[in-house]
Amino acid sequence: MAITTLPTKKDISIKEEIIDHFANLEIDVSWSFAECTRKETSYITHSYHRYPAKFIPQLARRLIEEYTEVGEIVVDPFMGCGTTIIESLMAERIGIGVDINPVAYLISKAKSTPIEPKKLEREFTLLTFDIKTNNITNIENIENERIDYWFPDREKKRKLSIILSRINQIEDENIRTFFLCGFSNILKNCSIWLMKSNKPTRDFKKEIPEPFLIFKRQIEMMLRKNREFYQQIPITVLENITDYVKLKCGDARNLPVKNNTVGLIVTSPPYVTSYEYADLHQLTILWFQYSHSLSEFRKKFIGTAHHREEHLEIGSEIGRECVKDLELKDKKKSREVAMYFGEMRQCFIEMFRKLKKYGKACIVIGDTSFKGVNVPNAEVFVEQMLNIGFDIYKIIKREIPSKILPQIRDSKTGRFTSSKNHNKILAYPHEYIIIMEKK
Ligand SMILES: C[S@@+](CC[C@H](N)C(=O)[O-])C[C@H]1O[C@@H](n2cnc3c(N)ncnc32)[C@H](O)[C@@H]1O
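Residues numbered from 1 in each chain as written. Predicted model: local features only at pLDDT ≥ 70, side-chain atom pairs only at ≥ 80, totals over all residues. Heavy atoms only, no water.

Quick notes on the overall build of the chain
Now for step 1: Scanning the chain from N- to C-terminus turns up 18 helices and 11 strands.
Now for step 2: Here the chain has a C-alpha radius of gyration of 22 Å; the compact-globule value for 439 residues is 22 Å, and the two agree.
Now for step 3: Seen through its C-alpha atoms, the chain measures out along the principal axes to roughly 80 × 50 × 40 Å.
Now for step 4: In the chain, which comprises 439 residues, the proportion classed as buried is 57%.
Now for step 5: In the chain, 76% of the contacts between residues at least 6 apart in sequence involve partners at least 24 apart.
Now for step 6: For the chain, the exposed area adds up to about 20100 Å²; of that, 49% sits on carbon and sulfur atoms. (Helix = DSSP H or I, 4+ residues; strand = E, 2+ residues; numbered from the N terminus. Rg over C-alpha atoms; globule rule 2.2 N^0.38 Å. Buried < 20%, exposed > 50% of the residue type's maximum accessible area, 1.4 Å probe, protein only. Contact = heavy atoms within 4.5 Å. Areas by Shrake-Rupley, 256 points an atom, 1.4 Å probe, with all protein chains shown as cover.)

Written out as structure tokens, the structure is:
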């Protein structure tokens, strides 16, 4: 059921009506996808590479099928590892994805490119033969202090260099991207990065596996998944793949698509400093030399704690009040949140420009809290989007699958923490799917 424009009651402000609306929302269990098995959520290429806070493919797919027709354009301005894009292709829609993170771009590219399985298997046989027989010339040894910091075992580092040098000799770009994606996903295992941590933490007791062996296993898994993808992707999409997918490593405020053409946006934006994606993917960034300065690189991410000082319009009374409340507890955090709201508003303006009439933007977002102050991201986004010109179409409250997002924050520091911590509070036990329409 669609809700018409707010406010509906003359004596109530937009702000109060939004707060009231959220307070009365019930959880819609049909959006939990709790019944989906791991096999289902990792079908086709979805399991190529780990990525934090990724979508359940079934959620993206349901939105795509409910709100678009075959052949329409679906955009994800924060595509991450490409879940929306792959589901768009599977549903015969055109998928356009953007992410500021080159690692996200690489993964999405590999995952959304079906490759003729025999061709790929042949290339893998050649590659393993060359590695086994030491038949590789021009091995590039990357000298970088940060690589040595994470890969202190020189012999294992050398083996990784051999694999990467051989991959870089592959001429076919799609095949090379496939192997680079596989290589990227084994870097965490092959380094002394603490496996259970998303934060850069070293584990000096870690037993580092044999790089050749783990690479072989990773690629064998990916070969099976590529075959599945190749067989299941609709034939029209397979035969015209370059017309169906367009990916860009860039900013969500500059989408590579014409104004007034997009049927649907399905996205989950970053949160304020919940993950520093730049830090999290530093192993791949270091090995592929994507950036020479991690500190400069971090600044490009929305939600980062490493921003320049700048004042941006928030465009939401709820947002401004939240920033004020936070200022009393933590000035730095309040500036980060203000910046985050300001930047997200710029993204919504760009989304509005790109959507066609009756096109919808589906934003999946949960609330957060810092130092006991609730940050109602979803309410702020709705108010910002209404002020930009969107109408509310529907707001869904859903349970968050615990496997995918961190569940617990320390109530004093606001940081994610373990379940043993006594100060624990729930971080985002539920989240919202905000569906806004351009009329
Ligand atoms: C929550 S994740 C998206 C996960 C995605 N839904 C998936 O299934 O993998 C948010 C993404 O926003 C990206 N991001 C942060 N700042 C950005 C910006 N300025 N422009 C585009 N993407 C950005 C991050 O790199 C991250 O991949």
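Some points on the sheet that holds strand S3 (residues 245–249)
Now for step 1: Taken in spatial order, the 7 strands make up an open sheet running S3-S2-S1-S4-S5-S11-S8, and their pairing is mixed. Edge positions in the sheet fall to S3 and strand S8 (391–399), since each of these pairs with one other strand and no more. Strand after strand, the sheet turns through a mean of 15° between neighbouring axes, direction not considered.
Now for step 2: Of the pairings in the sheet, the one linking S8 to strand S11 (residues 430–437) comprises 8 bridges and is antiparallel in character. Its bridge partner being in S11, Ile 392 is matched across the sheet by Met 436. (Pairing = 2+ DSSP bridges. Axes fitted to C-alpha atoms, helices over the stretch in contact; angles between N-to-C directions.)

Details of the environment of Arg 62
Now for step 1: One can find Arg 62 in helix H3 (residues 57–67).
Now for step 2: Separated by 25 residues in the primary sequence, Arg 62 and Glu 87 place their C-alpha atoms 9.3 Å from one another.
Now for step 3: Those residues in contact with Arg 62, other than ones at most four positions away along the chain, are Ser 30, Trp 31 and Phe 33.

What to know about the packing of helix H9 (residues 173–190) against helix H10 (residues 211–232)
Now for step 1: For the pair H9 and H10, the least separation of the axes is 9 Å and the interaxial angle reads 135°. One way to sum up the angle between H9 and H10 is to call them oblique. Relative to H10, the crossing made by H9 is right-handed. Of H10, the residues touching H9 (which contributes Phe 178, Phe 179, Cys 181, Gly 182, Phe 183, Asn 185, Ile 186, Asn 189 and Cys 190) are Pro 211, Ile 214, Phe 215, Gln 218, Ile 219, Met 222, Leu 223 and Asn 226.
Now for step 2: Looking at the contact of H9 with H10 residue by residue, the classes come out as 12 nonpolar, 5 polar and no charged. (Parallel < 35°, antiparallel > 145°, perpendicular 65-115°, else oblique. Left-handed = near helix turned anticlockwise from the far one by under 90°. Nonpolar A, V, L, I, M, F, W, Y, C, P; charged D, E, K, R; others polar.)

Quick look at the pattern of salt bridges
Note on pairing: side chains with opposite charge can pair once their charged atoms come close.
Now for step 1: On inspection of all chains with the given rule, the structure shows 26 salt bridges.
Now for step 2: Lys 354 is the partner of Glu 350 in a salt bridge, and the nearest nitrogen-oxygen pair spans 4.0 Å. Taken together, the residues span about one helical turn, with Glu 350 and Lys 354 both in helix H17 (residues 331–354) at a distance of 4 residues.
Now for step 3: Assessed through its relative accessible area of 3%, Glu 350 is described here as buried.
Now for step 4: The network of salt bridges with shared partners includes Arg 61, Glu 65 and Glu 87. (Salt bridge = Lys/Arg side-chain N within 4 Å of Asp/Glu carboxyl O.)

Shape descriptors only; they carry no functional weight alone.
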